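Letter by letter, the chains look like this.
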Amino acid sequence: MTESLTETTDEADEPVPRSRIFADLTPLRTSPDYRRLWFGNTVSWVGQGMTALAVSLQVYDLTGSAFSVGLIGFCSLVPLVVFGLYGGAIADTVDRRKLGLASAFGSFVLSVGLVAITVAGVERVGPLYAVVALQAVCFALNAPARSSMIARLLPAEQLPAANALNSMTSTTGALVGPMLGGLIVGWWGYRAAYGIDAVTFTASLYAMWRLPAMLPERGAESAAAGKRPSVMDGLRFLGTRPNLRMTFFTDMCAMVLAHPRALFPVVAVLWYGGDAKTTGLLVAAPALGALLGGVFSGWLGRIRRHGLAVLLAVASWGIAVAVFGLTRQLWLGLIFLALAGAADTTSMVFRNTMLQAAVPDEMRGRLQGVFVVVVAGGPRLGDFLAGSVADLASPGLAVTGGGIACVVAVGLLALRWPRFARYDARHPEA
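Just so we're clear, the structure is a prediction, and the values are computed from it rather than from any experiment. (Residues numbered from 1 in each chain as written. Predicted model: local features only at pLDDT ≥ 70, side-chain atom pairs only at ≥ 80, totals over all residues. Heavy atoms only, no water.)

Student: Can you break down the overall build of the chain residue by residue, with the values?
Tutor: Counting secondary structure elements, the chain contains 17 helices and zero strands. A globule of 430 residues ought to have a C-alpha radius of gyration of about 22 Å, and the chain, at 21 Å, matches this closely. By principal-axis analysis of the C-alpha atoms, the chain measures approximately 60 × 50 × 40 Å. By residue count, 54% of the 430 residues in the chain fall in the buried class. Put simply, 87% of the contacts in the chain that link residues at least 6 apart link residues at least 24 apart. As presented, the chain carries roughly 18,900 Å² of accessible surface, and 68% of it is formed by carbon and sulfur atoms. The positive charge centre, built from 33 side chains, and the negative charge centre, built from 26, are 3 Å apart in the chain. (Helix = DSSP H or I, 4+ residues; strand = E, 2+ residues; numbered from the N terminus. Rg over C-alpha atoms; globule rule 2.2 N^0.38 Å. Buried < 20%, exposed > 50% of the residue type's maximum accessible area, 1.4 Å probe, protein only. Contact = heavy atoms within 4.5 Å. Areas by Shrake-Rupley, 256 points an atom, 1.4 Å probe, with all protein chains shown as cover. Lys, Arg positive; Asp, Glu negative; His and termini not counted. Charge placed at Lys NZ, Arg CZ, Asp CG, Glu CD.)

As structure tokens, this is what we get:
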């Protein structure tokens, strides 16, 4: 696959070693600012994973209701969707360093608030829901600002490597955070988990504090017009950029049509005769595959045809999910889920790189805000669709049919917008 996606580099291009297998650490070596930001985000993601599990456990302890636990996701989804768009517009208006610093400090204060709620012995879930919603607001403000900074801290040729490293950050948090959270809650209680999360945010705060000013670079036309950046301007810009729209359409194909997460408890019992531990393995497999995809991402730096790479990665996700739906042996199902996770990492790296390289700096915040909304909303729509199809037909049809639908949809999109497959990283066009 690499050969078909790689173009011969110009003489001025720096050759990339073809023997590289593991993640390219060049961004960490060459940019102290990016290195601090990456380390701070990694530590804080682990802390957030701990808190997410601890809040779920505490809500269940207080209510004994699975529905009450499910409401936690709803409390975070609405702020993510609403403030993701407005957070992007704000990131295109103010100093992104200050916005990132303020939102990270807000998350720190909220973690301290969880400690206070627990120490005070509050036995109502309302305050917990409120904190979760406010944490989502802080994340929706922080993520567009933080992502928009990467293209200012690193040269374009290092963006795929940086995005692969960033994928390892979020995946490590999703894997390690809940495991540590369960252990810490079991040993020392909820206040310890929340307190450790508050401490981990200091790493992110320090990284943001050390960054230079990051005022958006406004184009001559926008500066002359004297217009303040708005959400609608960002959406109108996206409407005129087919390659950028395709990065979102392809991701929705995977996350809405072929997202079997909601069915894991069902298939664990019906297909594998398992229990909650089996469900845990199914949940962990895609995350582990995504992490390995980041660890062994050195080859991604050689790829120039980013659009074609996204199409192939999303189609690979769909194929892996479809085959998973046909398996009835646990070890084989876990392998295909891990392959799906690795494909998702590849897709995410190139989609994010395209958003950073092909978007003018004055629009990066708003496009990253749309990215936050798609990442937050897509999987939840996928959960709803998979659950509905499983109830109306069967889990097998929901999973395998969803994977096939993903591949077909991606193929139709590729036919409708053939320019996307020809996207060349050396000459980025939105």
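Student: An account of the packing of helix α10 (residues 231-239) against helix α16 (residues 361-392) is requested, with residue identities and associated values reported.
Tutor: How two helices pack is summed up by the angle between their axes together with the distance between the axes. Direction vectors running N to C along α10 and α16 enclose 80°, while the axes themselves pass 9 Å from each other. In terms of their interaxial angle, α10 and α16 are classed as roughly perpendicular. Only M363, R366, L367 and V370 of α16 make contact with α10, whose side of the interface consists of D233, G234, L235, F237 and L238. Here the residues of the contact of α10 with α16 sort into six nonpolar, one polar and two charged. (Axes fitted to C-alpha atoms, helices over the stretch in contact; angles between N-to-C directions. Parallel < 35°, antiparallel > 145°, perpendicular 65-115°, else oblique. Nonpolar A, V, L, I, M, F, W, Y, C, P; charged D, E, K, R; others polar.)

Student: Now, about the packing of aromatic side chains: what can you tell me, with residues and values included?
Tutor: Scanning the model with the defined rule gives eight aromatic pairs in all. Summarising the aromatic geometry, the rings of F105 and F108 are spaced 6.0 Å apart at their centres and angled 35° between planes, so their arrangement reads as tilted. With F105 and F108 both in helix α5 (residues 96-119), this residue pair falls three residues apart, about one helical turn. Residue F105 is classed as partly exposed on the basis of its relative accessible area, which comes to 47%. Ring geometry for F264 versus F324: centroids 6.2 Å apart, planes at 90°, classification edge-to-face. Taken as a pair, F264 in helix α12 (residues 264-270) and F324 in helix α14 (residues 306-324) lie far apart in primary sequence, 60 residues in all. Of the two residues examined, F264 and F324, each falls in the buried class. (Phe/Tyr/Trp six-rings, centres within 6.5 Å; stacked < 30°, edge-to-face > 60°.)

Student: Can you tell me about the nonpolar core, naming the residues and giving the values?
Tutor: Nonpolar side chains in soluble globular proteins tend to be buried together. If you look at the biggest cluster of nonpolar residues, it comprises 54 residues, and the most contacted ones within it are F248, L282, W317, F324, L367 and C406. Counting residues per element, the ones that place at least two in this core are α10, α11 (242-257), α12, α13 (276-295), α14, α15 (330-357), α16 and α17 (395-416). Counting 23 residues, the second-largest nonpolar core is a separate cluster that includes L28, L159, M214 and L291. (Core = buried A, V, L, I, M, F, W, Y, C linked by side-chain atoms within 4.5 Å.)

Student: Please give an account of a nonpolar patch on the surface that cites residues and values.
Tutor: A cluster of nonpolar side chains, namely I21, F22, L288, L292 and F296, defines an oily patch on the protein surface of about 480 Å² accessible area. Among the structural elements, L288 can be located in helix α13. Its relative accessible area of 43% is what places L288 among the partly exposed residues. (Patch = residues over 30% accessible without salt bridge, like charges linked within 9 Å, V, L, I, M, F, W, Y side chains within 5 Å. Salt bridge = Lys/Arg side-chain N within 4 Å of Asp/Glu carboxyl O.)

Student: Quick one: what's the story with the packing of helix α3 (residues 32-63) against helix α6 (residues 126-153), residue by residue and with numbers?
Tutor: Between α3 and α6, whose axes approach to 12 Å, the crossing angle comes to 165°. Comparing the axis directions of α3 and α6 gives the class roughly antiparallel. Note on packing geometry: the crossing formed by α3 with α6 is left-handed. Contacts between α3 and α6 pair D33, Y34, L37, N41, W45, Q48, T51, V55, Q58, V59 and L62 from the former with L128, Y129, V132, Q135, F139, R146, I150 and L153 from the latter. By residue class, the composition of the contact of α3 with α6 is 12 nonpolar, five polar and two charged. (Left-handed = near helix turned anticlockwise from the far one by under 90°.)

Student: Pulling in residues and values, what's your account of the pattern of salt bridges?
Tutor: Per the counting criterion, the structure on display carries 10 salt bridges. Among the ionic pairs, D361 bridges to R96, the shortest N-O distance being 2.9 Å. Within this pair, whereas D361 is found in helix α16, its partner R96 is found in helix α5, the two being separated by 265 residues in sequence. Residue D251 pairs with R351 through a salt bridge whose shortest N-O separation is 3.2 Å. Taken together, the positions of D251 in helix α11 and R351 in helix α15 put the pair 100 residues apart, joining distant regions of the chain.

Student: Outline the confidence of the model for the chain, supporting the account with residue identities and numerical values.
Tutor: When the pLDDT values of the chain are averaged, the result is 88; 92% of them are 70 or greater. Here helix α9 (residues 220-225) stands out as the element of the chain with the lowest mean pLDDT, 44, in contrast to α14, whose mean of 97 is the highest. Low pLDDT, under 50, characterises residues 8-18; the predicted model gives this stretch 11 contacts beyond four residues in sequence or across chains. Across residues 220-225, where pLDDT falls below 50, the model places two contacts with residues more than four positions away in sequence or in other chains. (pLDDT = per-residue confidence, 0-100.)

Student: How would you explain the environment of L292 if you had to name every residue and give the values?
Tutor: As for its position among the elements, L292 is in helix α13. On the accessibility criterion, L292 (42% relative accessible area) is partly exposed. Linking L292 and G182, residues 110 residues apart in sequence, is a C-alpha distance of 23 Å.

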